[in-house]
Amino acid sequence: MSTFLVNAFAASSLFSFAAGPLGAMIIWRRLAFFGDTLSHGALLGMSLSLAFNFHPIMGIFFISVILAIFLGYSSNSPALASETRLAILSPGLLSLGMICFSLFKRVRFNLEGYLFGDILAVNIQDLVSLLLGEIVVLSFLIKQWKALINICISEDLAMVEGYNVARVRIMFLFILALFIALTVKIMGVLLMTALLILPAVLARNFSKTPERMALLAIGVGIIITIIGLCISNSYDISAAPAIVTTGVTLIILLEVLKCFRKAI
Amino acid sequence: MILSLDKVFYQKNNKIILEDVSLTISSQELVTIIGPNGAGKTTLLKIVLGLITPTGGNIVKSTSLKVGYMPQKLHVDPSLPITVKRFLELSRYQDTFHQIVSAVNINHLLENSIHILSGGELQRILLARALLSKPDLLVLDEPLQGVDINGQMSLYKLISEVRQILGCAVLLVSHDLHFVHAASDKVICLNHHICCAGKPEEVQNHPNYQLLFTGYRPDVLAPYAHHHDHHHDVNPKREK
């Protein structure tokens, strides 16, 4: 197996380790639109870092943190449903990112790589920063797990029992922003949310507790990324669409199977 | 006295929700707040719980006061799989887990998913969760909601029992204007301001009581009649 492919498998497995629990949390807290907005904002972050010559991860993280603070603190505006606001902000950021990208583009950057990721371009440096980011994300999730689940169930109950709800909530958004900033290079901006939540959606079918769902999502994530990578390698297509298609196909199969079992 | 509110005001979006509300809760006291929907009962509870800050007035709590809270309802997103046991384990306090589970009689529900419980079962689970912290003050927001009349009786009995075992004060909210917990030491009728307050026994011997409420168990449920010391205008603005 070539080094490209070894690196690609390593990167996608690392991705799945944090994506499992993060994706579960995104579903439970109904943050899918928020995740979309963050990852679309990442394109703007990347374009800006190209323009001003700093590391793309810094640019993405900068934009994501601003978004996390802005959306985290403005979540109770009565005028517009948060879904509507995100549905405006998300394509707005994507469009702005595209415009900046066209304005500042250099010859060696290909747009498709940014939109769908370029997992075969992963090098050792990327793997190291991904591993470090992973450690930060997972240690946060493990340390705050009980608080996070409590917040998903009832913020009032969590507050009465003495959890610092506001802090944990905003820290979760930071962690999500960090993870997206670190992985946008390998998975792209367009399919990021789908890649995060698909394993957790599949795992939901086989889980009675939140812990089981999160752990199972890691396993499912590793399996579908490996299948997706093999497909992408054999047919020479981008990895992220291949992984997403694999996940969606499995979900459809599972639903059809459930219908059949009900009918019998 | 474990908690007192002094002339508490709360205003949101230019609407007065609570006005000049003063009350005290002593240890082991059972205080019932009744009032119509939208009277500000839940807001008052949230101020007591420290979940929201009043726009005016003072709250005095004893520093070591431990509060258990049973919310009006619990909506867990169906995407979050969770069993009753795991839900109770999420509490910070676990040392009385087994005693409370048997006291509230939910042993048989522990392995069930929280999504398939009946109204009465869910209320018991929420009560158990509130009790895990061994509270000095138990705050119950409409504990009878979604529970049938038999379930209501047994839930009220259960509340009396745990109150005796734990020796805690209880602050209970109900939108039912006709029945309050018979053991209430104090009943407060709230409609943005405190309309009237008193003991439920004061009305228990009222001639209409036997006539209206025979068939119900007066040891668990008691009627509460309102002593109005002022009149309300038809216009929602109050006269001073």
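Residues numbered from 1 in each chain as written. Chains lettered and ligands numbered in written order. Predicted model: local features only at pLDDT ≥ 70, side-chain atom pairs only at ≥ 80, totals over all residues. Heavy atoms only, no water.

**Considering the side chain of B:Thr43**
Residue and element names in this part refer to chain B.
Stage number 1. With respect to the helices and strands, the residue Thr-43 is situated in helix α1 (residues 41-49).
Stage number 2. Residue class for Thr-43 comes out buried when judged on its relative accessible area of 16%.
Stage number 3. Among residues more than four places away in sequence, those in contact with Thr-43 are Tyr-10, Ile-17, Leu-18 and Ile-52. (Helix = DSSP H or I, 4+ residues; strand = E, 2+ residues; numbered from the N terminus. Buried < 20%, exposed > 50% of the residue type's maximum accessible area, 1.4 Å probe, protein only. Contact = heavy atoms within 4.5 Å.)

**Some remarks on the packing of aromatic side chains**
Residue and element names in this part refer to chain A.
Stage number 1. Using the criterion set out here, one finds three aromatic pairs over all chains in the structure.
Stage number 2. On the basis of an interplanar angle of 65 degrees and a centroid distance of 6.1 Å, the ring pair of Trp-28 and Trp-145 is categorised as edge-to-face. In this pair, Trp-28 sits in helix α1 (residues 3-28) while Trp-145 sits in helix α6 (residues 124-153), placing the two residues 117 residues apart along the sequence. Take Trp-28 and Trp-145: they sit in the same class, and that class is buried.
Stage number 3. Ring centres of Phe-101 and Tyr-114 lie 5.3 Å apart, and the angle between their planes is 65 degrees; this geometry places the pair in the edge-to-face category. Pair noted here: Phe-101 is in helix α4 (residues 82-104) and Tyr-114 is in helix α5 (residues 111-116), with a separation of 13 residues, a long-range link.
Stage number 4. When its relative accessible area of 5% is taken as the criterion, Phe-101 is described as buried. (Phe/Tyr/Trp six-rings, centres within 6.5 Å; stacked < 30°, edge-to-face > 60°.)

**Quick look at the layout of surface pockets**
Stage number 1. Approximately 1,200 Å³ is the volume found for the largest pocket.
Stage number 2. Contributing to the lining of the largest pocket are 41 residues, with A:Arg29, A:Arg30, A:Leu31, A:Glu155 and A:Arg169 lying nearest its centre.
Stage number 3. Those elements giving two or more residues to the lining of the largest pocket turn out to be α1, α2 (32-52), α3 (56-73), α4, α6, α7 (155-160) and α8 (165-187) of chain A together with α1 of chain B.
Stage number 4. When residues of the lining of the largest pocket are assigned to their parent elements, the largest contribution, five residues, is made by α8(A). (1 Å grid on protein atoms, 1.4 Å probe; cavity = no way out; pocket = protein on both sides within 12 Å on 5 of 7 lines; lining within 4 Å. Points joined across faces, edges and corners; volume = space filled by probe spheres on them.)

**Considering the pattern of salt bridges**
Stage number 1. For the coordinates displayed, the defined rule picks out 14 salt bridges over all chains.
Stage number 2. Here B:Lys41 ties to B:Glu142 by a salt bridge, and the two come within 3.8 Å at their closest N and O atoms. Here B:Glu142 lies in the loop between β6 (137-141) and α5 (149-166) and B:Lys41 lies in helix α1, a separation of 101 residues in the sequence.
Stage number 3. The class for B:Lys41 is buried, based on a relative accessible area of 4%.
Stage number 4. Of the charged contacts, one joins B:Lys134 and B:Asp95 as a salt bridge, the two residues approaching to 3.0 Å between their closest N and O atoms. One end of the pair, B:Lys134, is in the loop between α4 (119-131) and β6; the other, B:Asp95, is in the loop between α2 (84-89) and α3 (97-103), with 39 residues separating them in the sequence.
Stage number 5. The class of B:Lys134 is partly exposed, set by a relative accessible area of 36%.
Stage number 6. Here the residues in one salt-bridge network are A:Glu211, B:Lys85, B:Arg86 and B:Glu89, joined through shared partners. (Salt bridge = Lys/Arg side-chain N within 4 Å of Asp/Glu carboxyl O.)

**Here's the deal with α6(A)**
Stage number 1. Considering bend angle alone, the principal kink of α6(A) is centred on A:Gln144 and spans about 70 degrees.
Stage number 2. Near the N-terminus of α6(A), the side chain that reaches the backbone nitrogen of A:Gln125, with its oxygen 3.2 Å away, is that of A:Asn123. (Bend = angle between axes of the 7 residues up to and from the residue. Polar contact = N/O pair within 3.5 Å; in protein donor to acceptor, adjacent residues only side chain to side chain.)

**Side note on empty space enclosed by the protein**
All names here are of chain A.
Stage number 1. Throughout the structure, instances matching the rule amount to one cavity of 30 Å³ or more.
Stage number 2. In this structure, the largest cavity occupies an estimated 50 Å³ of space.
Stage number 3. Only α1, α9 (192-204) and α10 (210-235) provide two or more residues apiece to the lining of the largest cavity.
Stage number 4. When its residues are assigned to classes, the lining of the largest cavity shows seven nonpolar, four polar and no charged. (Nonpolar A, V, L, I, M, F, W, Y, C, P; charged D, E, K, R; others polar.)

**Points about a nonpolar patch on the surface**
Residues and elements named next belong to chain A.
Stage number 1. Taken together, the side chains of Ile-124, Val-128, Leu-131, Leu-132 and Ile-135 make up a nonpolar region of the molecular surface, amounting to roughly 480 Å² of accessible area.
Stage number 2. Tracing the sequence through the fold places Leu-131 in helix α6.
Stage number 3. You can call Leu-131 partly exposed: its relative accessible area is 43%. (Patch = residues over 30% accessible without salt bridge, like charges linked within 9 Å, V, L, I, M, F, W, Y side chains within 5 Å. Areas by Shrake-Rupley, 256 points an atom, 1.4 Å probe, with all protein chains shown as cover.)

**Remarks on the packing of α9(A) against α10(A)**
Residue and element names in this part refer to chain A.
Stage number 1. α10 packs onto α9 with a crossing angle of 120 degrees between their chain directions and a minimal axis gap of 8 Å. In terms of their interaxial angle, α9 and α10 are classed as oblique. Handedness of the α9/α10 crossing: right-handed. Between α9 and α10, the contacting residues are Leu-198, Pro-199, Ala-200, Leu-202, Ala-203 and Arg-204 on the first element and Met-213, Leu-216, Ala-217, Val-220, Gly-221 and Ile-224 on the second.
Stage number 2. When its residues are assigned to classes, the contact of α9 with α10 shows ten nonpolar, one polar and one charged. (Axes fitted to C-alpha atoms, helices over the stretch in contact; angles between N-to-C directions. Parallel < 35°, antiparallel > 145°, perpendicular 65-115°, else oblique. Left-handed = near helix turned anticlockwise from the far one by under 90°.)

**A closer look at the environment of A:Ile222**
All names here are of chain A.
Stage number 1. With respect to the helices, strands and loops of the structure, Ile-222 is situated in helix α10.
Stage number 2. Ile-222 gets classed as partly exposed once you look at its relative accessible area, which sits at 22%.
Stage number 3. C-alpha separation for the pair Ile-222 and Asn-164, spaced 58 residues apart in sequence, amounts to 33 Å.
Stage number 4. The contacts of Ile-222, once residues within four sequence positions are left out, are Ser-13, Ser-16 and Phe-17.

**A word on the sheet that holds strand β5 (residues 67-70) of chain B**
Residues and elements named next belong to chain B.
Stage number 1. Spatial ordering of the open sheet is given by β5-β6-β7-β3-β9-β10, a layout of six strands whose pairing is mixed. Edge positions in the open sheet fall to β5 and β10 (193-198), since each of these has one partner strand only. Each neighbouring strand pair of the sheet contributes to a mean axis angle of 15 degrees, computed without reference to strand direction.
Stage number 2. Strand direction decides the pairing type here: strand β3 (residues 30-34) and strand β9 (residues 186-191), joined by four bridges, are parallel. Looking at the pairing, Ile-33 lines up with Ile-188 of β9.
Stage number 3. Across the sheet, α5 lies against β3, β6 and β7 (169-174), angled at about 160 degrees from β7, the strand it touches most. (Pairing = 2+ DSSP bridges.)

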